[in-house]
Amino acid sequence: MSASAVTLPIDHHDGFTMDPAEARGLGQLLADDYAKADPFPHIVIDDFLPPELIRKIFEHFPREKLDSDTVFELGYGGHHKRQVMPEDCDGFVRGFFHFMNSRPMLQFLEGLTGIDALIPDPYFTGGGFHETSRGGKLGIHADFRIHEQLNLQRRMNLLIYLNEDWDDAWKGQLELWDKGMKECRARVSPQWNRCVVFSTDADTWHGHPDELQTPDHVKRRSIALYYYTASKNIYREVPSLSTMYQARPEDDISIRREARSFRAEQYLRDWAPPIMVRAVHKLGRIPGKLRRSFGSFGGAGN
């Protein structure tokens, strides 16, 4: 995995400002690397935020759990993972996240990806601060593609890591897998001030599926933001599936079964009439025969 080194010219001493034209130009300088990346369009950028800014963000990361936090204990679907909403943080953090949704940042991302008319998410659905503790993981998955509250199509993810002196022996590397889920093509260490931007599609498989082996006091922390485009025909163009999980070839049978079950639920939602979906939800699980039937669509995860 190779990384570019570009620092965004953000002035953060009196609010947050960045020249939109300069930002777009910086993105365009990296556009070729983004488009040609394997296994899908992505880029890894070191030293992404000004040093004083990333330090201040880290200092303002809420260490104590907030009432509005979402904590995931879903096994392969996300384990020992905490999501912190920006709107419930202090004023500095709120200002930073609002800036990341502003015109200058959109200009940078449009220049980088070649995707015009990007739209940020003011609700930060699924985004904000992420924190994973020892033993935590996030299975290989392709993200949800429709923001159902705003009727927008998700186009890209942006992650910024907040981990000083990260040791790769602790696991936690972001894995990027090929479309057929045959091979991990890139592993990205979640190092301090490293940014990863990647396209969101039906087969952009990624995650950090190995349990973290950090010391008890060390957390894997990151900033997560997602960006969208609009389409009047979105529900005809993109299946309204939620997150789709895939097991790796080397994962044991319990993980493969769990990932297949997650996929089966989504295929049920896409193919079955609403009355059948409601009946299955009342049962609290997908019957084995039905799960195997729907799961067979999942390919390499079976």
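Conventions we followed
- Residues numbered from 1 in each chain as written.
- Predicted model: local features only at pLDDT ≥ 70, side-chain atom pairs only at ≥ 80, totals over all residues.
- Heavy atoms only, no water.
- Helix = DSSP H or I, 4+ residues; strand = E, 2+ residues; numbered from the N terminus.
- Contact = heavy atoms within 4.5 Å.
- Areas by Shrake-Rupley, 256 points an atom, 1.4 Å probe, with all protein chains shown as cover.
- Buried < 20%, exposed > 50% of the residue type's maximum accessible area, 1.4 Å probe, protein only.
- Phe/Tyr/Trp six-rings, centres within 6.5 Å; stacked < 30°, edge-to-face > 60°.
- Lys NZ or Arg CZ within 6 Å of the ring centre and 35° of its normal.
- Axes fitted to C-alpha atoms, helices over the stretch in contact; angles between N-to-C directions.
- Parallel < 35°, antiparallel > 145°, perpendicular 65-115°, else oblique.
- Left-handed = near helix turned anticlockwise from the far one by under 90°.
- Nonpolar A, V, L, I, M, F, W, Y, C, P; charged D, E, K, R; others polar.
- Polar contact = N/O pair within 3.5 Å; in protein donor to acceptor, adjacent residues only side chain to side chain.
- Core = buried A, V, L, I, M, F, W, Y, C linked by side-chain atoms within 4.5 Å.
- 1 Å grid on protein atoms, 1.4 Å probe; cavity = no way out; pocket = protein on both sides within 12 Å on 5 of 7 lines; lining within 4 Å.
- Points joined across faces, edges and corners; volume = space filled by probe spheres on them.
- Salt bridge = Lys/Arg side-chain N within 4 Å of Asp/Glu carboxyl O.
- Pairing = 2+ DSSP bridges.

Caption draft 1: Region of the structure containing the overall build of the protein chain. What the protein chain contains, in helices and strands, is nine helices and 14 strands. Sequence-distant contacts, at least 24 apart, represent 79% of the contacts inside the protein chain between residues at least 6 apart. For the protein chain, the accessible area works out to roughly 13,900 Å², and carbon and sulfur atoms hold 49% of it.

Caption draft 2: Expanded view of helix α5 (residues 103-113). The element α5 is largely enclosed, with a buried count of 10 among its 11 residues. Among all positions in α5, only Pro104, Met105, Leu106, Gln107, Phe108, Leu109, Glu110, Gly111, Leu112 and Thr113 are buried. At the exit of α5 stands Gly114, carrying a positive phi of roughly 75°.

Caption draft 3: Layout of the packing of aromatic side chains. Counted according to the given criterion, the structure contains 13 aromatic pairs. Members of the aromatic cluster, connected to one another through ring pairs, are Phe16, Phe61, Phe92, Phe96, Phe97, Phe99, Phe124 and Phe129. Above the face of the Phe72 ring, Lys81 is positioned so that its terminal group lies 5.7 Å from the ring centre. One Lys or Arg, Arg221, reaches over the ring of Phe61 and ends 5.0 Å from the middle of that ring.

Caption draft 4: Geometry of the packing of helix α1 (residues 20-29) against α5. Interhelical geometry of α1 versus α5 gives an angle of 25° and a closest axis separation of 6 Å. Accordingly, the angle class assigned to the pair α1 and α5 is roughly parallel. Relative to α5, the crossing made by α1 is right-handed. Note on element contacts: α5 touches α1 through Arg103, Pro104, Gln107, Phe108, Glu110, Gly111 and Leu112, opposite Pro20, Ala23, Arg24, Leu26, Gly27 and Gln28. The residue inventory of the contact of α1 with α5, partitioned by class, reads six nonpolar, four polar and three charged.

Caption draft 5: Region of the structure containing the side chain of Ser199. Tracing the backbone through its elements, the reader meets Ser199 in strand β11 (residues 195-199). In this structure Ser199 comes out as buried when scored by relative accessible area, which is 14%. Within the local environment of Ser199, its side chain forms a polar contact with the side chain of Tyr34, the two groups lying 2.8 Å apart. With residues near it in sequence (within four places) discarded, Ser199 still touches Tyr34, Phe40, Pro41, Arg155, Met156 and Thr204.

Caption draft 6: Layout of the nonpolar core. Ranked by internal contacts, the top residues of the largest apolar core, which has 44 residues, are Met105, Phe108, Leu109, Phe129, Leu158 and Tyr227. Counting residues per element, the ones that place at least two in this core are α1, β2 (42-46), α3 (51-60), α4 (91-100), α5, β8 (152-161), β11 and β13 (220-230). A per-element tally of this core places α4 first, with six residues. Setting aside its immediate chain neighbours within four residues, Phe129 contacts Ile57, Phe61, Pro62, Arg82, Gln83, Val84, Cys89, Val93, Phe97, Leu162, Ser222 and Ile223.

Caption draft 7: Focus on the environment of Glu211. With respect to the element layout, Glu211 can be found in the loop between β12 (206-208) and β13. Taking the C-alpha atoms as reference points, Glu211 and Leu138, 73 residues apart in sequence, are found 8.5 Å from one another. Non-local contacts of Glu211, meaning those with residues more than four positions away in its chain, are made with Gly135, Gly136, Lys137, Trp170 and Lys171.

Caption draft 8: Up close: the layout of surface pockets. Roughly 580 Å³ of volume is contained in the largest pocket. Taken together, 31 residues form the lining of the largest pocket, with Lys81, Leu138, His141, Asp143 and Tyr245 sitting closest to its centre. Those elements that provide at least two residues to the lining of the largest pocket are β4 (79-84), β6 (128-142), β8, β12, β13 and α7 (253-271).

Caption draft 9: Structural detail: the pattern of salt bridges. Using the criterion set out here, one finds 18 salt bridges in the structure. The closest approach of N and O atoms between Arg194 and Asp46, which form a salt bridge, is 2.7 Å. Of this pair, Arg194 sits in the loop between β10 (184-188) and β11 while Asp46 sits in strand β2, placing them 148 residues apart in sequence. A residue is classified by how much of its surface remains accessible, and Arg194, at 10% relative accessible area, is buried. Sharing partners across several salt bridges, the network here consists of Glu175, Arg187, Asp210, Arg248, Glu250 and Asp251.

Caption draft 10: Representation of the packing of α3 against α4 in the model. Running from N to C, α3 and α4 cross one another at 125°; their axes reach a closest spacing of 9 Å. Overall, the two elements α3 and α4 adopt an arrangement that is oblique. Handedness of the crossing formed by α3 with α4: left-handed. Each of Leu53, Lys56, Ile57 and His60 in α3 lies in contact with α4, whose residues at this interface are Phe92, Val93 and Phe96.

Caption draft 11: Local environment of the pairing of strand β9 (residues 174-177). Alternating positions in β9 separate into two faces, Leu174 and Leu176 on one and Glu175 and Trp177 on the other, with burial throughout. With four bridges connecting them, β9 and β10 associate as antiparallel partners. Bridging across to β10, Trp177 finds its partner in Cys184. Pairing between β9 and β12: two bridges, direction antiparallel. Note on β12: the bridge partner recorded for Glu175 is Gly207.

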